[in-house]
Amino acid sequence: MDRWRGRVALVTGASVGIGAAIAKSLVQHGMKVVSCARNVEQIEKLSSECVRSGFSGTLIPYKCDLSVEDDMLSMFSWIKVQHQGVDVCINNAGLALPEPLLSGRTSGWRTMMDVNVIGLSVCTREAYQSMKERNIDDGHIININSMSGHRVINNADTHFYTASKYAVTALTEGLRQELREAKTHIRATCISPGLVETEFAYRLFSENQEKAAATYKSIKCLQAADIANAVVYVLSAPPHVQIGDIQMRPVEQLT
C-alpha cells in the first residue's frame, strides 16, 4: 500500500457499515479519503476518531446524495479544486428496498436503480475523467457488489435489488474492457460479499426489526472489516495484476 500513501481516494456511502470501514482502513494506510454520504455527521465523528488514533492519512467528509447527478458533479469539481483529483474510487453506496416484482412500487425500483446503478456509473465516469486529465495511469475503480449480483435467491423482497447488482457485475466487466481499449493501466475490480453484519437488513426490513436481527443471528456473518481488508488486498496487488471479482461468503452461508 506504500504507493498509495498521500494519494486521494473517494469512498461513497461511507457514513456507516462497509463504507465507513473501508474509509477508516485507507486512512490508516496514509491516503486522503473523501468520504461521502447524505449524512455527514457520522463521517465527521469517524474523521475525529482517525485523528485521535494518529492515523497517517486524512478523512474528509463530504455531503452528497448519490441519487442526484448535480450533487456528484459538484463533489468531483470540489475534489479537483481542493485535492487535484481522484486516484482511487470505491463505489460502495447502495441500498435495497422490499419492492417485489409483482407488487413493488415504481418509486422504490427507481431509487435502487438511481443509487446502485446510475450513481455508481456517474462516479465511475467522473473518476476516470479525473484520472485521464491528470495522466494517472495506475488508478483503480472498485465496485462493492454483492453475491446477489451472481445468483437469485427465492426472496421476492430482494429480486429487484438483485437485478441492480447483476447490473454492477456487467458494468464492472464492461468497464474493464473499455479501460483496456483506452490503452490505460487503470484497473477495475468487483468485490461481492455475502451476508455482512451491518445496518443493511435493518433498513431492508425497517418494519420488522426482529426479522432483520434474526438474519444476522442465523450464522456467523462477515464483518465490515473483512470487506475493507479485501479492498486493501486489491489495492496492494502489483500494477500488472488485474483482480476482476472477489466473491466472499461466510463459511456457514449456503447460497
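Shown above is the structure to which this text applies.
The rules behind these values
Residues numbered from 1 in each chain as written. Predicted model: local features only at pLDDT ≥ 70, side-chain atom pairs only at ≥ 80, totals over all residues. Heavy atoms only, no water. Helix = DSSP H or I, 4+ residues; strand = E, 2+ residues; numbered from the N terminus. Rg over C-alpha atoms; globule rule 2.2 N^0.38 Å. Buried < 20%, exposed > 50% of the residue type's maximum accessible area, 1.4 Å probe, protein only. Contact = heavy atoms within 4.5 Å. Lys, Arg positive; Asp, Glu negative; His and termini not counted. Charge placed at Lys NZ, Arg CZ, Asp CG, Glu CD. Core = buried A, V, L, I, M, F, W, Y, C linked by side-chain atoms within 4.5 Å. Expected span 1.5 Å × (residues − 1). Arc of directions from axis to C-beta. Phe/Tyr/Trp six-rings, centres within 6.5 Å; stacked < 30°, edge-to-face > 60°.

Enquirer: What am I meant to see in the overall build of the protein here?
Expert: Within the protein, the secondary structure is distributed over eight helices and seven strands. The C-alpha atoms of the protein give 17 Å as radius of gyration, which agrees with the globular expectation for 255 residues (18 Å, within 12%). If you line up the protein on its principal axes, its C-alpha atoms span 45 × 45 × 35 Å. Burial analysis of the protein (255 residues in total) assigns 51% to the buried set. Of the contacts formed within the protein by residues at least 6 apart in sequence, a portion of 72% connects residues at least 24 apart. If you average the places of the 26 positive and of the 26 negative side-chain charges in the protein, the two averages end up 3 Å apart.

Enquirer: Teacher, can you tell me more about the nonpolar core here?
Expert: Burial of nonpolar side chains together is a common tendency in soluble globular proteins. Ile-22, Leu-26, Ile-90, Ile-144, Ile-191 and Val-231 are the most contacted members of the largest nonpolar core, which has 38 residues in total. Listed by contribution, the elements that provide at least two residues to this core are β1 (8–12), α1 (17–28), β2 (32–37), α2 (41–52), β4 (88–91), β5 (140–144), α8 (224–236) and β7 (245–248). Of the residues forming this core, the biggest block, eight residues, is contributed by α8. Sequence-distant contacts of Leu-26, that is, excluding residues within four places in its chain, are made with Met-1, Ala-9, Val-11, Met-31, Val-33, Ile-90, Val-231 and Leu-235.

Enquirer: Looking at this structure, I do not really get the side chain of Ser-146. What am I missing?
Expert: As for its placement among the helices and strands, Ser-146 is situated in the loop between β5 and α5 (159–181). We classify Ser-146 as buried; its relative accessible area is 8%.

Enquirer: I keep staring at α1 and nothing clicks. Help me out?
Expert: Helical periodicity: at 3.6 residues per turn, an α-helix aligns residues three or four positions apart in one direction. With twelve residues, α1 ought to run about 16 Å at 1.5 Å a step, and its terminal C-alpha atoms sit 17 Å apart, in line with that. In terms of burial, α1 is largely enclosed, as nine of its twelve residues are buried. Considered for burial, the residues of α1 that qualify are Ile-18, Gly-19, Ala-20, Ala-21, Ile-22, Ala-23, Ser-25, Leu-26 and Val-27. Gly-30, located one to two residues past α1, shows a positive phi value of around 90°.

Enquirer: Sorry, what's going on with α2 here?
Expert: Here α2 contains twelve residues, and its C-alpha end-to-end distance of 17 Å stays within 8% of the 16 Å for a straight helix at 1.5 Å per residue. Where α2 is concerned, the buried positions are Ile-43, Leu-46, Ser-47 and Cys-50. For α2, the angular spread of the buried residues around the axis is 105°, confining them to a single face. Within α2, the exposed residues directed more than 90 degrees away from the buried face are Glu-41, Lys-45, Val-51 and Arg-52. In this fold, the buried residues of α2 make contact with α1, β2 and β3 (58–63). After α2 finishes, the residue Gly-54 shows a positive phi value of roughly 75°.

Enquirer: Mind showing me how you'd approach the packing of aromatic side chains here?
Expert: By convention here, two paired aromatic rings are described through the distance between centres and the angle between planes. A complete count under the given rule lists four aromatic pairs for this structure. Relative to Phe-200, the ring of Tyr-161 lies with its centre 5.5 Å away and its plane at 55°, an arrangement referred to as tilted. With Tyr-161 in helix α5 and Phe-200 in helix α6 (residues 200–204), this residue pair connects regions lying 39 residues apart in the sequence. Overall, Tyr-161 belongs to the buried group, its relative accessible area being 7%.

By themselves these figures say nothing about function.
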